Amino acid sequence: MGMQAAHSLQEKALQEQIENGVADLPPPVANVPVSALDIYDASVLTDPWPYYAQLRDAGPVVWLKRYGVYAITHHEQVKNVLTDNETYGSSAGAGLTNFNTTKPWRKPSLLLEADRPEHDRTRQAMMHVMNPRTIRGFRETFEVLAEGMVRDMIRKGDCDGVTDLAERFPLKAFGDAVGIPADGRDKHLLPYGDMVFNAFGPANARFKACLAGIPESAQWIAHACSRETLTKEGLGAQLFTAVDRGELEYEEAELLVRSLLSAGLDTTVFTLANAIIELARHRDQWELL
């Protein structure tokens, strides 16, 4: 028992080093390219493309010694990892934190951080709601909303592409689609999305700053994702029908509604913002569009 306890403490200490980004671990497999790059550094997050190219040039699999993890850098190898669920799993977490050794700050996602057969069950419930027919039903509403926002920006003249469109559009469009209350979205959804994004990385200053400011927003999210709060016509309420059919527990339905927000909000903000930036930088692409 003494040796087991010591081994557990060593594992925990190592995991803390990895999560804080201060580990310096040799690769467990010989002849693998090694990089000291901190992929979560602010300079990398601001302009990642040169660093991505650096990693791709190093090889299809690169050991990031600062975090004790592999970076899979080429399309073929990424595809192999993502499609081989017999070899690779997600239930220990999709970020740096190992849920087998460290308790996550939030409950794991039933979709992103789950393996078969549990993943199949929750995915089926989600696909019952998020199917092509449902998605197509949002198109006209989303287009009308987007056109209205763009007209507002044109009238305004001097605009910020992030705050006036990239953030504003998904807060309204996606919030309405899920069926969460309008009151509080601006204050709580973006900090929550920021926290989810940073939680995939190390426990650095950025993560700790997000974590310090998240309790109120997390409480609002929990309330917003409850069946009693959701609008009857939204995607969230539709997910709760799986509870009525005996396919999900009530708490699982709440977590899946939260997964919609976790997966669909900040990713959409980033995509829209990056599209605006790149179209501004590359006028020829704007002309083609």
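Residues numbered from 1 in each chain as written. Predicted model: local features only at pLDDT ≥ 70, side-chain atom pairs only at ≥ 80, totals over all residues. Heavy atoms only, no water.

## Thoughts on the overall build of the protein
Phase 1: Of regular secondary structure, the protein possesses 15 helices and 3 strands.
Phase 2: Oriented by its inertia axes, the alpha-carbon framework of the protein measures out at about 60 × 55 × 35 Å.
Phase 3: With 289 residues in all, the protein has 35% of them scored as buried.
Phase 4: For the protein, long-range pairs separated by at least 24 residues make up 60% of all intrachain contacts whose partners lie at least 6 apart in sequence.
Phase 5: In the form shown here, the protein has an accessible surface area of approximately 17600 Å², with 56% of it arising from carbon and sulfur atoms.
Phase 6: Between the mean site of the 29 positive side-chain charges and the mean site of the 40 negative ones, the protein shows a separation of 3 Å. (Helix = DSSP H or I, 4+ residues; strand = E, 2+ residues; numbered from the N terminus. Buried < 20%, exposed > 50% of the residue type's maximum accessible area, 1.4 Å probe, protein only. Contact = heavy atoms within 4.5 Å. Areas by Shrake-Rupley, 256 points an atom, 1.4 Å probe, with all protein chains shown as cover. Lys, Arg positive; Asp, Glu negative; His and termini not counted. Charge placed at Lys NZ, Arg CZ, Asp CG, Glu CD.)

## As for helix α5 (residues 118–129)
Since the α-helix advances by 3.6 residues per turn, residues separated by three or four positions end up pointing in the same direction.
Phase 1: Residues of α5 that are buried: Thr122, Ala125, Met126 and Val129. Seen from one end, α5 has its buried residues packed into an arc of 95 degrees, which puts them on one side.
Phase 2: Its buried side turned inward, α5 meets α6 (132–156), α12 (235–244) and α13 (250–264). (Arc of directions from axis to C-beta.)

## Observations concerning a nonpolar patch on the surface
Phase 1: A contiguous nonpolar patch, built from Val29, Tyr70 and Ile72 and spanning about 230 Å² of accessible area, is present on the exposed surface.
Phase 2: Examined against the element boundaries, Val29 turns out to sit in the loop between α1 (2–20) and β1 (34–35).
Phase 3: For Val29, a relative accessible area of 45% gives the class partly exposed. (Patch = residues over 30% accessible without salt bridge, like charges linked within 9 Å, V, L, I, M, F, W, Y side chains within 5 Å. Salt bridge = Lys/Arg side-chain N within 4 Å of Asp/Glu carboxyl O.)

## Remarks on the pattern of salt bridges
Phase 1: Enumeration over the complete set of coordinates arrives at 15 salt bridges.
Phase 2: Across the pair Glu143 and Arg139 runs a salt bridge whose closest N-O atoms are separated by 3.1 Å. Of this pair, Glu143 and Arg139 both sit in helix α6, 4 residues apart, roughly one helical turn.
Phase 3: Using a relative accessible area of 59% as the deciding quantity, one classes Arg139 as exposed.
Phase 4: Its salt-bridge partner being Arg227, residue Asp244 comes within 2.6 Å of it at the nearest N-O pair. Here the residue Asp244 occupies a position in helix α12, and Arg227 occupies one in the loop between α11 (215–224) and α12, the gap between them amounting to 17 residues.
Phase 5: A residue is classified by how much of its surface remains accessible, and Arg227, at 32% relative accessible area, is partly exposed.
Phase 6: The structure contains a network of salt bridges with shared partners spanning Glu118, Arg121 and Glu252.

## What about the environment of Leu82?
Phase 1: Relative to the helices and strands, Leu82 is located in helix α4 (residues 75–83).
Phase 2: Under the relative-accessibility criterion, Leu82 is labelled exposed at 69%.
Phase 3: Here the alpha-carbon distance between Leu82 and Asp284, two residues 202 residues apart in the chain, equals 34 Å.

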